[in-house]
Amino acid sequence: MAQFQWSPDRLKRHLDEFARIGTDPGGGITRLSFSKEYEQAADHYANLLSDAGLEVHIDSVGNVVGYKQGKKDTHVLMTGSHLDTVVHGGIFDGTLGALAALEFAWALQDNSIQLEHSIMVVGLAAEEGGLFGGTFGSRAMMGQVNLDDPDLAANLQEAGISMEDIRRAEVDCENITAFLELHIEQGDYLCSRQIPIGIVSGIVGITRIEIEIVGESNHAGTTRMDTRRDAVAAFACLVQKANDIICSRPGLVGTFGVVDVFPNMANIIPGKVCTVLELRHQDRCVIEQVIGQIKAASAEFPKVNMHFKKLIDKPSCQCSVGITECIKGVCENLRIPHTVMASGAGHDANAFAAKVPVGMIFVPSMDGKSHCPDEATEWSDIVSGCQVYFETLLQLDCVLENPLFCADSL
Ligand SMILES: [Zn+2]
């Protein structure tokens with residue numbers, strides 16, 4: 001196959017342009033959805049897609065959608081990433097995938113290639129948590145936003161959108177054969193192993209458990225150590241035990257990110273601790289087993305009572321086996337080292353997976369840093385990532401019609 005010609009310089013120039021939209025004086029970039037900085041980025045992205053020969057519109061919730069007709073009306077390849085950032089974020093999270101998709105569109109034009117599939121390039125709104133929780137733009141496109149959520153209604157005015165706007169953003173997925181996203185890893189798995197490409201097998205599920213530890217408040221001066229029912233002391237032991245259990249399971253991460261102590265006074269033995277344990281893993285069974293183990297361990301603290309309540313149980317998402325195999329084949333052809341891995345962070349692909357076969361390609365984040373001004377990726381890794389990403393899109397264009405592939409991937 002002839003080498004697909006594209007321009008790393010043009011991609012670099014576009015990355016530099018977007019790094020200047022929402023720049024913080026103290027370093028980093030802040031481009032929150034529904035802000036004027038986001039709007040500026042979305043308008044700029046829409047103009048660039050239009051220059052690259054796509055029909056473009058910005059939908060009712062702020063997603064930029066560009067479309068280029070293929071040889072067949074009935075098949076659409078969707079690709080892109082998000083345009084919003086966190087507060088004081090980096091310049092690659094989301095933006096790299098959105099601009100690589102733009103570069104693909106430019107390169108199709110430069111090479112005078114008309115694909116079999118129509119191509120739909122998306123620059124997505126509100127992927128980062130914010131007014132509506134994460135992946136809002138992609139969930140709206142999939143009709144996956146819970147319109148009965150009271151928090152949603154309360155925030156609509158601030159975002160400047162209506163319920164009707166959310167409904168109108170839904171797209172017909174029937175003809176979309178795949179969604180492919182290039183993204184930075186945001187962890188140190190690839191960087192620490194010096195592997196340039198991560199092929200994402202799936203996105204981890206998230207379970208949050210509220211744990212209430214009830215002891216007894218009493219005088220901090222007069223109550224002997226052996227008679228105390230100190231909820232914080234029990235909490236400390238629980239964290240130690242839970243971390244040992246979590247560390248024994250490969251791929252599992254757990255975090256006690258919320259801790260409330262009652263009554264939270266220096267001269268009173270804490271009578272109660274409320275904490276939230278978040279667990280993330282690709283396999284829900286592992287999470288369930290570990291919760292069982294931690295509950296069993298709680299019986300070792302007879303001086304307090306522990307109550308467990310599940311708050312959130314977000315299922316993991318599996319990437320399409322067909323697309324994953326396709327990316328693997330491309331890496332082997334290009335002789336680029338690669339590994340298959342789960343994503344610990346949520347992504348728009350997660351929302352799209354509800355209705356469309358999805359695939360993701362990761363490039364390394366230097367020192368695993370992301371969501372901060374120091375977020376960086378070696379330029380050579382970006383070039384490798386783009387090569388794999390573009391070749392995968394071209395291959396998907398050829399193979400997606402194969403019914404065997406479709407049956408496998410779905
Ligand atoms: Zn992202």
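Anything mentioned here points back to the structure above.
Our subject in this report is the structure included herewith. (Residues numbered from 1 in each chain as written. Predicted model: local features only at pLDDT ≥ 70, side-chain atom pairs only at ≥ 80, totals over all residues. Heavy atoms only, no water.)

Section: the overall build of the protein chain
Turning to step 1, where the next piece is worked out: From N to C terminus, the protein chain includes 13 helices and 13 strands.
Turning to step 2, where the next piece is worked out: Over its C-alpha trace the protein chain gives a radius of gyration of 24 Å, about what one expects of a compact globule, namely 22 Å for 410 residues.
Turning to step 3, where the next piece is worked out: Along the three orthogonal principal directions, the C-alpha set of the protein chain runs to about 85 × 45 × 40 Å.
Turning to step 4, where the next piece is worked out: Counting over 410 residues, the protein chain shows a buried share of 52%.
Turning to step 5, where the next piece is worked out: Across the protein chain, contacts joining residues at least 24 apart in sequence account for 78% of those joining residues at least 6 apart.
Turning to step 6, where the next piece is worked out: Summed over its atoms, the accessible surface of the protein chain is roughly 18,200 Å², and 50% of this surface lies on carbon and sulfur atoms. (Helix = DSSP H or I, 4+ residues; strand = E, 2+ residues; numbered from the N terminus. Rg over C-alpha atoms; globule rule 2.2 N^0.38 Å. Buried < 20%, exposed > 50% of the residue type's maximum accessible area, 1.4 Å probe, protein only. Contact = heavy atoms within 4.5 Å. Areas by Shrake-Rupley, 256 points an atom, 1.4 Å probe, with all protein chains shown as cover.)

Digging into the sheet that holds strand β9 (residues 272-281)
Turning to step 1, where the next piece is worked out: Strand order across the open sheet formed by four strands is β8-β9-β7-β10, with antiparallel pairing between neighbours. With one partner strand each, in any of the chains shown, β8 (253-262) and β10 (305-314) form the two edges of the open sheet. Sheet twist, expressed as the average angle between the axes of neighbouring strands with direction ignored, equals 15 degrees.
Turning to step 2, where the next piece is worked out: Against the sheet, helix α8 (residues 231-247) touches β7 (205-214), β8, β9 and β10, its axis set at about 175 degrees to β8. (Pairing = 2+ DSSP bridges. Axes fitted to C-alpha atoms, helices over the stretch in contact; angles between N-to-C directions.)

Some thoughts on the coordination of the zinc ion
Turning to step 1, where the next piece is worked out: Taken together, the protein ligands of the zinc ion are His82 (NE2), Asp93 (OD) and His183 (NE2), with distances of 2.0 to 2.2 Å.
Turning to step 2, where the next piece is worked out: Spacing between the donor residues of the zinc ion along the chain follows H-x10-D-x89-H. One end of the pair, His82, is in strand β3 (residues 76-82); the other, Asp93, is in the loop between β3 and α3 (95-110), with eleven residues separating them in the sequence.
Turning to step 3, where the next piece is worked out: You can call His82 buried: its relative accessible area is 0%. (Donors = N, O, S within 2.8 Å, 3.2 Å for Na, K, Ca; no water.)

As for the layout of surface pockets
Turning to step 1, where the next piece is worked out: One number sums up the size of the largest pocket: a volume of about 1,400 Å³.
Turning to step 2, where the next piece is worked out: The wall of the largest pocket is formed by 47 residues, among which Ile206, Arg280, Lys314, Gly346 and Asn350 lie closest to the centre.
Turning to step 3, where the next piece is worked out: In terms of residue count, strand β12 (residues 338-343) provides more of the lining of the largest pocket than any other element does, three residues in total.
Turning to step 4, where the next piece is worked out: Looking at side-chain class alone, the lining of the largest pocket contains 18 nonpolar, 19 polar and ten charged residues. (1 Å grid on protein atoms, 1.4 Å probe; cavity = no way out; pocket = protein on both sides within 12 Å on 5 of 7 lines; lining within 4 Å. Points joined across faces, edges and corners; volume = space filled by probe spheres on them. Nonpolar A, V, L, I, M, F, W, Y, C, P; charged D, E, K, R; others polar.)

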